[in-house]
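# Per-entry structural report
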Amino acid sequence: DAGVIQSPRHEVTEMGQEVTLRCKPISGHDYLFWYRQTMMRGLELLIYFNNNVPIDDSGMPEDRFSAKMPNASFSTLKIQPSEPRDSAVYFCASSLNREVYGYTFGSGTRLTVV
Amino acid sequence: ILNVEQSPQSLHVQEGDSTNFTCSFPSSNFYALHWYRWETAKSPEALFVMTLNGDEKKKGRISATLNTKEGYSYLYIKGSQPEDSATYLCAFGTDKLIFGTGTRLQVFP
């Protein structure tokens, strides 16, 4: 199993540009989570999906952020327009039986907005 | 708002020392408590998931206990090794996990 796959690993973009982060969860996992990690706030949950349906997006900071999961094997997190304060590491995680195995995290995307 | 607190923020120990750190969480409506190990430049890896009051789990030299009534969990590392150096995160919640800010452990040879 290749684990949770995120792309790109690093993204540098100019303020105002659209950024799309991608995630492929582990096959068979029915939950998918997007987290953001910053020095100030640690790991913050942005949004999560169950069976491709968004369940809770209360952590999405602003309307500039949107997330989709068109099928069980793919999710995107989009920021439009991006701002320097969006610079962070964005992690995707998936889980199946989280009471037993917990979450499996991807390697993260380090986003820098200049 | 759920609040998960971890202490200490950081810890420096000598190789061979045993150590422990604490995670505090709301004691009402408990569902599950997770511990993760997060090495620099990698992603968090699940260590334990605990759901029952009094749970004790062990993986090698690392173990964890859970007290849901008073809202705390301890993580213990026996005979710390340099490779144990990492940030240890706890997380609490139901469908979604709220993470603490972690305890950063540095083990010196």
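The paragraphs below set out a description of the structure included in this document. Everything numeric here is computed off the predicted structure, so don't read it as measured data.

Counting from both sides, the interface comprises 16 residues of chain B and, opposite them, 19 residues of chain A. In this structure, the connection of chain B to chain A is made through one salt bridge. Across the pair Lys96(B) and Asp56(A) runs a salt bridge, and its minimum N-O distance is 2.5 Å. Counting every contact that joins chain B to chain A gives five residue pairs in polar contact (both at pLDDT 80 or more). For the side of chain B that touches chain A, the secondary-structure elements that each account for two or more residues are β4 (32-38), β5 (45-50) and β10 (97-99) of chain B. Element by element, the count of residues in the side of chain B that touches chain A is highest for β4(B), at three residues. Residues belonging to the side of chain B that touches chain A are distributed by class as follows: nine nonpolar, four polar and three charged.

Right, let's get into the packing of aromatic side chains. Across all of its chains, the model carries 19 aromatic pairs over all chains by this definition. Considering the side-chain rings of Tyr31(A) and Tyr48(A), the 6.2 Å spacing of their centres and the 25 degrees angle between planes classify their relative orientation as stacked. Of this pair, Tyr31(A) sits in strand β4 (residues 31-38) while Tyr48(A) sits in strand β5 (residues 42-50), and the two are 17 residues apart along the sequence. Relative to Tyr76(B), the ring of Tyr74(B) has its centre 6.1 Å away and its plane inclined at 70 degrees; by these criteria the two rings are edge-to-face. Residue classification places Tyr74(B) among the partly exposed positions, given a relative accessible area of 28%. An aromatic cluster of three or more residues is present, and its members are Tyr31(A), Phe33(A), Tyr35(A), Tyr48(A), Phe91(A), Tyr103(A), Phe105(A), Tyr36(B), Trp38(B) and Phe99(B). Above the face of the Phe48(B) ring, Lys59(B) is positioned so that its terminal group lies 6.0 Å from the ring centre.

In the structure shown here, the tally under the stated rule is twelve salt bridges over all chains. Where Lys42(B) meets Glu39(B), a salt bridge forms, and the shortest distance between an N and an O atom there is 3.8 Å. Assessed through its relative accessible area of 25%, Glu39(B) is described here as partly exposed. Here the salt bridges do not stand alone but share partners, grouping Glu62(A), Arg64(A), Glu83(A), Arg85(A) and Asp86(A) into one network.

Turning next to the state of the cysteines. Applying the stated rule across the entire model yields two disulfides over all chains. Two residues share a disulfide in this structure: Cys23(A) and Cys92(A), whose sulfurs sit 1.9 Å from each other. Here Cys23(A) and Cys92(A) share a disulfide; its torsion about the S-S bond, -65 degrees, makes the bridge left-handed. With Cys23(A) in strand β3 (residues 19-24) and Cys92(A) in strand β9 (residues 88-95), the pair connects residues that are 69 residues apart, well separated along the chain. Of the two residues examined, Cys23(A) and Cys92(A), each falls in the buried class. Between Cys23(B) and Cys90(B) runs a disulfide, and the two sulfur atoms are separated by 1.9 Å. One disulfide, between Cys23(B) and Cys90(B), carries an S-S torsion of 75 degrees and so falls in the right-handed class. Here the residue Cys23(B) occupies a position in strand β3 (residues 19-24), and Cys90(B) occupies one in strand β9 (residues 86-93), the gap between them amounting to 67 residues. In this structure Cys23(B) comes out as buried when scored by relative accessible area, which is 0%.

Parameters and conventions
Residues numbered from 1 in each chain as written. Chains lettered and ligands numbered in written order. Predicted model: local features only at pLDDT ≥ 70, side-chain atom pairs only at ≥ 80, totals over all residues. Heavy atoms only, no water. Contact = heavy atoms within 4.5 Å. Salt bridge = Lys/Arg side-chain N within 4 Å of Asp/Glu carboxyl O. Polar contact = N/O pair within 3.5 Å; in protein donor to acceptor, adjacent residues only side chain to side chain. Helix = DSSP H or I, 4+ residues; strand = E, 2+ residues; numbered from the N terminus. Nonpolar A, V, L, I, M, F, W, Y, C, P; charged D, E, K, R; others polar. Phe/Tyr/Trp six-rings, centres within 6.5 Å; stacked < 30°, edge-to-face > 60°. Buried < 20%, exposed > 50% of the residue type's maximum accessible area, 1.4 Å probe, protein only. Lys NZ or Arg CZ within 6 Å of the ring centre and 35° of its normal. Disulfide = S-S within 2.5 Å.

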